[in-house]
Amino acid sequence: TLPPSGTVTIGYLPDGYRPLANVYTLQACSNARVARVYINTSGMMGIEWVINLFDGTRYTGDMPWVQIDMRFFVDGGDDNTIADDLADEEASVSAS
């Protein structure tokens, strides 16, 4: 159940999968609603609010489902790009 105010924590992302900056998106919900979902740099994923699309009011009841489809950059721990990592993998496969 969504509270009238505050954030509902969905879960936490492990180290290595956390965004470099806070990420905020609007996501589709059940019954013609939209939610503001975010992930902060410490990996906490939460729902800040849900709005009824019919009248613009804040929804505070049960949520059967919320779509979560988010993309963001993470800190890979080195200065390599994905292309560098793929080239390293190809080189190690060729050497075997």
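Residues numbered from 1 in each chain as written. Predicted model: local features only at pLDDT ≥ 70, side-chain atom pairs only at ≥ 80, totals over all residues. Heavy atoms only, no water.

Section: the overall build of the chain
- In terms of helices and strands, the chain carries 1 helix and 4 strands.
- Taken over 96 residues, the chain has a buried fraction of 26%.
- Sequence separation of at least 24 residues holds for 54% of the intrachain contacts in the chain that already meet a minimum separation of 6. (Helix = DSSP H or I, 4+ residues; strand = E, 2+ residues; numbered from the N terminus. Buried < 20%, exposed > 50% of the residue type's maximum accessible area, 1.4 Å probe, protein only. Contact = heavy atoms within 4.5 Å.)

So, the sheet that holds strand β2 (residues 23-29)
- Read across the open sheet, the 4 strands follow the order β1-β4-β3-β2; overall the sheet is antiparallel. Strands at the two margins of the open sheet, each flanked by one partner only, are β1 (8-12) and β2. Looking at each pair of strands side by side, their axes are set apart by 30° on average, direction ignored.
- Pairing of strand β3 (residues 33-39) with strand β4 (residues 44-52) involves 7 bridges; the strand directions are antiparallel. For Arg 36, the partnering residue across the bridge sits in β4 and is Trp 49. (Pairing = 2+ DSSP bridges. Axes fitted to C-alpha atoms, helices over the stretch in contact; angles between N-to-C directions.)

Focus on the environment of Thr 7
- Of note, Thr 7 is situated in the segment before β1.
- Residues Thr 7 and Gly 46, spaced 39 residues apart in sequence, show a C-alpha to C-alpha distance of 6.3 Å.
- Non-local contacts of Thr 7, meaning those with residues more than four positions away in its chain, are made with Tyr 38, Gly 46, Ile 47 and Glu 48.

Observations regarding the pattern of salt bridges
- This structure, assessed with the given rule, holds 3 salt bridges.
- The partner of Arg 71 in a salt bridge is Asp 69, and the shortest N-O contact between them spans 3.4 Å.
- For Asp 69, a relative accessible area of 41% puts it in the partly exposed group. (Salt bridge = Lys/Arg side-chain N within 4 Å of Asp/Glu carboxyl O.)

Notes on the packing of aromatic side chains
- Taken as a whole, this structure holds 1 aromatic pair when the rule is applied.
- Here the aromatic rings of Tyr 24 and Tyr 38 are separated by 5.6 Å at their centres, their planes lie at 25°, and the arrangement is stacked. Here Tyr 38 lies in strand β3 and Tyr 24 lies in strand β2, a separation of 14 residues in the sequence.
- By relative accessible area, which is 39% here, Tyr 24 ends up partly exposed.
- Across from the ring centre of Tyr 59, 3.5 Å away, lies the NZ or CZ of Arg 33, which sits over that ring. (Phe/Tyr/Trp six-rings, centres within 6.5 Å; stacked < 30°, edge-to-face > 60°. Lys NZ or Arg CZ within 6 Å of the ring centre and 35° of its normal.)

Looking at the environment of Gln 27
- Note that Gln 27 resides in strand β2.
- In sequence terms Gln 27 and Met 70 are 43 residues apart; their C-alpha atoms lie 9.1 Å from each other.
- Among all residues touching Gln 27, those that are not within four sequence positions of it are Arg 33, Val 34, Ala 35, Val 37, Val 66, Gln 67, Ile 68, Asp 69 and Met 70.
- At 3.2 Å, the side chain of Gln 27 and the backbone nitrogen of Asp 69 are in polar contact. (Polar contact = N/O pair within 3.5 Å; in protein donor to acceptor, adjacent residues only side chain to side chain.)

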